[in-house]
Amino acid sequence: MSKSAHPKNETIKIPGIQKPIPVCLITHCKGYGNYTRIYCQGAKSPIVSSQTLKLFEDRLPSFLRANKSTLINYRHIVGVDRLDGRSMELMLANDAPIPVARRRLQRIRDKLALLKVQS
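Given the structure is predicted, the values throughout are model-derived calculations rather than measurements.

Chemist: Explanation requested: the overall build of the protein in the structure shown.
Modeler: The secondary structure content of the protein amounts to two helices and ten strands. Element order for the protein, N to C, with α for helix and β for strand: β-β-β-β-β-α-β-β-β-β-β-α. Computed over the C-alpha atoms, the radius of gyration of the protein is 14 Å, within 12% of the 14 Å expected from 2.2 N^0.38 for a compact globule of 119 residues. Here the C-alpha coordinates of the protein stretch approximately 45 × 30 × 25 Å along the principal axes. Scored against the burial criterion, the 119 residues of the protein give a buried share of 35%. Considering only contacts in the protein between residues 6 or more positions apart, those separated by 24 or more positions represent 38%. Counting only carbon and sulfur atoms, one obtains 52% of the accessible surface of the protein, whose full area is about 7500 Å². Positive and negative side-chain charges in the protein, numbering 21 and 8 respectively, have mean positions lying 4 Å apart.

What counts, and at which threshold
- Residues numbered from 1 in each chain as written.
- Predicted model: local features only at pLDDT ≥ 70, side-chain atom pairs only at ≥ 80, totals over all residues.
- Heavy atoms only, no water.
- Helix = DSSP H or I, 4+ residues; strand = E, 2+ residues; numbered from the N terminus.
- Rg over C-alpha atoms; globule rule 2.2 N^0.38 Å.
- Buried < 20%, exposed > 50% of the residue type's maximum accessible area, 1.4 Å probe, protein only.
- Contact = heavy atoms within 4.5 Å.
- Areas by Shrake-Rupley, 256 points an atom, 1.4 Å probe, with all protein chains shown as cover.
- Lys, Arg positive; Asp, Glu negative; His and termini not counted.
- Charge placed at Lys NZ, Arg CZ, Asp CG, Glu CD.

Following this line, the structure appears as structure tokens:
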């Protein structure tokens, strides 16, 4: 496990939400302008925060930035679809595929390879 990976018992405090959320339950975050929807495992609806996705990217360094509007917890990736040499989609459990931006493709490949070696 790398230093940037979150321990299973670590929580994150989200402004406007009283109870801290365990980081290991967050599957991914989607940014919508100045708001972020935080999707948690087992939750019926996302938590909406009035913070930007950039704030969550800074506070969750072990998460992967797949594209402009999506931050993914690598622990919830169940598959990788390589559509061709220049595009990729990450599959999350019980969710639609998340496309990886072309400019982030190599960085995501490198991180996933590193995580696979560490496992």
